[in-house]
Amino acid sequence: MAAPSFLTRVLAIADEPDDDDDVRLRKRIGIASGIVTIFAPLSLPPDVGFRPAAWAVALSMSAFCIANLAVLARTGRFERYVVALLSSGVVFVPFATILGGGVTGSGTGLAWAFLGPAFAMLALGPRRANAWFIGWLAVLGVTLALDPLARAAFGPASYESVLIGQVVGIALPLTIVFLLLRYSDVRRREAEGRADALLTNAIPRAIARRLRHGEDRIAETYEATTVLFADIVGFTPWAGATDPALVVDVLDRLFSRFDELAVASGVEKIKTIGDAYMAAAGVPIPRPDHAVAALRLAREMLAAVADLREREGVPLEVRVGLASGPVVGGIIGRERILFDLWGDTVNTAARMESSGLP
């Protein structure tokens, strides 16, 4: 467990407390790419026959990447780090390609060069990656123009060198691209999973699915529903005389139990307001037995509060009111969205609760 923990700390050296999941993902991909780039240049010397110039270029690139990571750890300036890393690749790749005998020699530096725009896409986003793709095209043009000179100075390479160069220069960069994309996709799916869980906790699953499919204005009339309101009687004076931690704990456990009962009954929780709980049957998915389902939930709520009162001596009771009829339901809000219901049925259910007996 020590090694993964250390690696996680290294990948998180540029994290900021207010980073969202997307920014944190891009930063960690950038740092992972920098770590890989420390070792990637070391494939150059065996690729071009262990020339001294190749060692000098490769070790210089590795040392630069180490220094770049060290500066990032000290300053936290991630964008400066990314630009420096991408710029070093623009310089390194033409040198590596020339030392390998040019585009037609043993080196396949242009495959390594494509890691630049691929990395920029993941670390900086699609729009800013465009400039680095144009830079890759420029590097391609320069290396093609210098190919005759490079071939005359360092080539033609032997068959063995070309074979090694093709394997190392194509397999490794493409493997790195695959690993970066895989890491990005895994983290993206994790982030989407957390977002979906939060969304479906806030609004009905069927409504959340419609939002994910692109609908931004959801409002409908549901003709046959039963609305339920439950209010904890005696909660306010009890809360005023009780330790706040215990108050929150009791309310959390009780409403969590209500949530379980609602799911088991097929009734949709709408919202909680203080110590009041609102749910509805037949919304947003119609069902012919909406009244029966809501009444079943109401009875189970009464039993849950009675059980809490008996087991823990908490002096609380509950009032529950129900009303059946049509409602209007829809999504409101932008920053914090809420699925809510309106209409006479809602008002009647609320009055049934407030005028009922504990």
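Residues numbered from 1 in each chain as written. Predicted model: local features only at pLDDT ≥ 70, side-chain atom pairs only at ≥ 80, totals over all residues. Heavy atoms only, no water.

Regarding the side chain of T225
Phase 1 of the analysis: Tracing the chain through its elements places T225 in strand β1 (residues 219–233).
Phase 2 of the analysis: From its side chain, T225 meets the backbone oxygen of G325 in a polar contact 2.7 Å long.
Phase 3 of the analysis: Among all residues touching T225, those that are not within four sequence positions of it are A281, G282, V283, H290, A323, S324, G325 and V327. (Helix = DSSP H or I, 4+ residues; strand = E, 2+ residues; numbered from the N terminus. Polar contact = N/O pair within 3.5 Å; in protein donor to acceptor, adjacent residues only side chain to side chain. Contact = heavy atoms within 4.5 Å.)

Focus on the nonpolar core
Phase 1 of the analysis: Membership of the largest hydrophobic core comes to 30 residues, with the highest contact counts inside it found for L44, F78, Y81, V82, L86 and F92.
Phase 2 of the analysis: Among the secondary structure elements, those contributing two or more residues to this core are α2 (21–39), α4 (52–75), α5 (78–99), α7 (115–124) and α8 (126–154).
Phase 3 of the analysis: The element that contributes the greatest number of residues to this core is α5, accounting for nine residues.
Phase 4 of the analysis: Once residues lying within four places of it in the same chain are set aside, the contact partners of V82 are F119, A123 and L124. (Core = buried A, V, L, I, M, F, W, Y, C linked by side-chain atoms within 4.5 Å. Buried < 20%, exposed > 50% of the residue type's maximum accessible area, 1.4 Å probe, protein only.)

Remarks on a nonpolar patch on the surface
Phase 1 of the analysis: Nonpolar side chains collect at one region of the surface, where F39, L42, F50, W55 and L59 lie side by side and expose about 520 Å² of accessible area between them.
Phase 2 of the analysis: Summarising the element assignment, L42 is placed in the loop between α2 and α3 (44–47). (Patch = residues over 30% accessible without salt bridge, like charges linked within 9 Å, V, L, I, M, F, W, Y side chains within 5 Å. Areas by Shrake-Rupley, 256 points an atom, 1.4 Å probe, with all protein chains shown as cover. Salt bridge = Lys/Arg side-chain N within 4 Å of Asp/Glu carboxyl O.)

A few points about the sheet that holds strand β2 (residues 268–273)
Phase 1 of the analysis: Pairing is antiparallel across the open sheet formed by five strands, whose spatial order is β2-β3-β1-β4-β5. The sheet is open, and its two borders are formed by β2 and β5 (338–342), each paired with just one other strand. In this sheet, neighbouring strand axes are inclined to one another by 40 degrees on average, regardless of whether the strands run parallel or antiparallel.
Phase 2 of the analysis: Bridging between β1 and strand β3 (residues 276–281) involves six bridges; their strand directions are antiparallel. (Pairing = 2+ DSSP bridges. Axes fitted to C-alpha atoms, helices over the stretch in contact; angles between N-to-C directions.)

Regarding the packing of aromatic side chains
Phase 1 of the analysis: For the coordinates displayed, the defined rule picks out five aromatic pairs.
Phase 2 of the analysis: A centroid spacing of 6.0 Å and a plane angle of 50 degrees characterise the contact between F235 and W238, whose relative ring orientation is tilted. Note that F235 and W238 are positioned in helix α11 (residues 235–240) at a spacing of three residues, about one turn of the helix. With respect to class, F235 is no different from W238; both count as buried. (Phe/Tyr/Trp six-rings, centres within 6.5 Å; stacked < 30°, edge-to-face > 60°.)

A look at the pattern of salt bridges
Phase 1 of the analysis: Taken as a whole and assessed by the stated rule, the structure comprises twelve salt bridges.
Phase 2 of the analysis: D289 is paired through a salt bridge with R287; the nearest N and O atoms lie 2.8 Å apart.
Phase 3 of the analysis: A single network of salt bridges, built from pairs that share partners, joins D249, R253, D307, R311 and E312.

Some thoughts on the pairing of β2
Phase 1 of the analysis: Of the strand pairs in this sheet, β2 and β3 are connected by five bridges, and their pairing is antiparallel. Considered in β3, the bridge of K271 is made with M278.
Phase 2 of the analysis: Counted between consecutive antiparallel strands, the loop separating β2 from β3 contains two residues, among which G274 sits at a positive phi close to 65 degrees.

Thoughts on the environment of K271
Phase 1 of the analysis: Relative to the helices and strands, K271 is located in strand β2.
Phase 2 of the analysis: When sequence neighbours within four positions are dropped, the list of residues in contact with K271 reads A276, Y277, M278, L338 and D340.
Phase 3 of the analysis: Among the polar contacts made by the side chain of K271, one reaches the side chain of D340 at a distance of 2.9 Å.

Some details on the packing of α2 against α5
Phase 1 of the analysis: It is the contact of α2 with α5, at a shortest axis distance of 11 Å, that shows an interaxial angle of 40 degrees. Here α2 lies oblique to α5, going by the angle between them. Regarding α2 and α5, the two cross each other, and that crossing is left-handed. For the pair formed by α2 and α5, the contact residues are R26, K27, G30, I31, S33, G34 and T37 on the first element and F78, Y81 and L85 on the second.
Phase 2 of the analysis: Residue composition of the contact of α2 with α5, grouped by class: four nonpolar, four polar and two charged. (Parallel < 35°, antiparallel > 145°, perpendicular 65-115°, else oblique. Left-handed = near helix turned anticlockwise from the far one by under 90°. Nonpolar A, V, L, I, M, F, W, Y, C, P; charged D, E, K, R; others polar.)

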